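# Analysis of the macromolecular model
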Amino acid sequence: MNKTSLKERAAEELRNYAIVAAYLYVCLGAILLYKTALLREEGVAFLPHGLAAIKALILGKFILIGEAVGVGSRVQPRSLVSAIATRSVLFFVLLITLSVVEELVVGKVHGRSFAATVAEFRAHAGLEMLATSLLMLLVLVPLIAFKELRRRNLV
């Protein structure tokens with residue numbers, strides 16, 4: 001591979017990352033704004049400055065890693081709808097898995113054992129985590145749909 005093609009590939013990857021991260025930032029920002037509004041009604045001060053941006057950058061990189069390793073590329077559903085659904089679920093599972101690994105690493109960096117991090121994670125598990133996970137799946141569907149349409153040269 002010559003330097004020009006490597007440079008072009010790097011520029012394309014950076015552009016893809018920026019697009020995915022921007023999309024995730026808008027979606028996550030809207031979700032966090034809604035959460036802030038709900039918590040304020042209950043008298044809880046919650047203003048997650050930068051949280052949406054950080055999460056969007058992390059999840060965006062996870063999505064690009066998934067694309068690089070070919071998540072969902074072996075499964076070739078016949079219809080466009082089933083391809084989008086299958087790839088969305090597979091990327092959703094990847095994001096959940098990598099997010100758990102990320103939490104374990106962050107816990108370790110902060111001096112907590114894996115057991116303590118898992119115990120803290122379990123304590124926060126419940127309806128809010130389920131709702132957040134389902135929202136993330138819904139956020140992924142249009143993103144994966146667009147990527148699948150581009151892959152099939154339909155847009």
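Report follows, based on the coordinates. (Residues numbered from 1 in each chain as written. Predicted model: local features only at pLDDT ≥ 70, side-chain atom pairs only at ≥ 80, totals over all residues. Heavy atoms only, no water.)

On the surface, a cluster of nonpolar side chains totalling about 210 Å² of accessible area is made up of Ile 96, Val 100 and Phe 121. Position of Ile 96 among the secondary structure elements: in helix H3 (residues 80-109). (Patch = residues over 30% accessible without salt bridge, like charges linked within 9 Å, V, L, I, M, F, W, Y side chains within 5 Å. Areas by Shrake-Rupley, 256 points an atom, 1.4 Å probe, with all protein chains shown as cover. Salt bridge = Lys/Arg side-chain N within 4 Å of Asp/Glu carboxyl O. Helix = DSSP H or I, 4+ residues; strand = E, 2+ residues; numbered from the N terminus.)

Between the first and last C-alpha of H3 there are 42 Å, a value that for 30 residues agrees with the 44 Å anticipated at 1.5 Å per step. Among the residues making up H3, those that are buried are Ala 83, Ile 84, Arg 87, Ser 88, Phe 91, Phe 92, Leu 94, Leu 95, Ser 99, Glu 102 and Gly 107. At its buried positions, H3 is contacted by helix H2 (51-69), helix H4 (114-124) and helix H5 (127-151). Directly after H3, the chain includes Gly 111, whose backbone phi takes a positive value near 85 degrees. (Expected span 1.5 Å × (residues − 1). Buried < 20%, exposed > 50% of the residue type's maximum accessible area, 1.4 Å probe, protein only. Contact = heavy atoms within 4.5 Å.)

Our next topic: the environment of Pro 142. By the secondary structure assignment, Pro 142 is in helix H5. On the accessibility criterion, Pro 142 (43% relative accessible area) is partly exposed. Once the C-alpha coordinates of Pro 142 and Gly 72 are considered, the two residues, 70 residues apart in sequence, prove to be 16 Å apart.

A separate point is the packing of aromatic side chains. For the structure on display, the rule yields 0 aromatic pairs. Here the guanidinium or amino end of Lys 108 rests over the ring plane of Phe 114, the centre of that ring lying 5.2 Å away. (Phe/Tyr/Trp six-rings, centres within 6.5 Å; stacked < 30°, edge-to-face > 60°. Lys NZ or Arg CZ within 6 Å of the ring centre and 35° of its normal.)

To continue, consider the pattern of salt bridges. One pass over the structure, following the stated rule, counts 7 salt bridges. In this structure, Lys 55 and Glu 102 form a salt bridge, with 3.6 Å as the shortest nitrogen-oxygen distance. Note that Lys 55 is positioned in helix H2 and Glu 102 in helix H3, a separation of 47 residues in sequence. A residue is classified by how much of its surface remains accessible, and Lys 55, at 26% relative accessible area, is partly exposed. Overall, the relative accessible area of 18% leaves Glu 102 in the buried class. The partner of Glu 148 in a salt bridge is Arg 151, and the shortest N-O contact between them spans 2.5 Å. Residue Glu 148 and its partner Arg 151 are located together in helix H5, separated by 3 residues, close to a single helical turn. Judged by relative accessible area, Arg 151 falls into the partly exposed class, the value being 45%.

Our focus in this paragraph is the packing of H2 against H3. Axis separation between H2 and H3 bottoms out at 10 Å; the angle between their running directions is 125 degrees. Of the possible angle classes, the one that applies to H2 and H3 is oblique. In the crossing of H2 with H3, the sense of the turn from one axis to the other is right-handed. Where H2 approaches H3, its residues Lys 55, Ile 58, Leu 59, Phe 62, Ile 63, Gly 66 and Glu 67 are matched on the opposing element by Phe 91, Leu 94, Leu 95, Leu 98, Ser 99 and Glu 102. (Axes fitted to C-alpha atoms, helices over the stretch in contact; angles between N-to-C directions. Parallel < 35°, antiparallel > 145°, perpendicular 65-115°, else oblique. Left-handed = near helix turned anticlockwise from the far one by under 90°.)

Moving on: the side chain of Asn 16. Assignment of secondary structure puts Asn 16 in helix H1 (residues 3-41). A relative accessible area of 14% means that Asn 16 is categorised as buried. Here Asn 16 is in contact with Leu 64 and Arg 150, once residues within four sequence places are set aside.

Before going further, it helps to spend a moment on the nonpolar core. Counting residues in hydrophobic clusters, the biggest one holds 20 residues, and the most contacted among them are Leu 24, Ile 63, Met 136 and Leu 140. For this core, the secondary structure elements donating two or more residues are H1, H2, H3 and H5. Aside from chain neighbours lying at most four places away, what touches Ile 63 is Val 20, Leu 24, Phe 91, Leu 95, Leu 140 and Leu 143. (Core = buried A, V, L, I, M, F, W, Y, C linked by side-chain atoms within 4.5 Å.)

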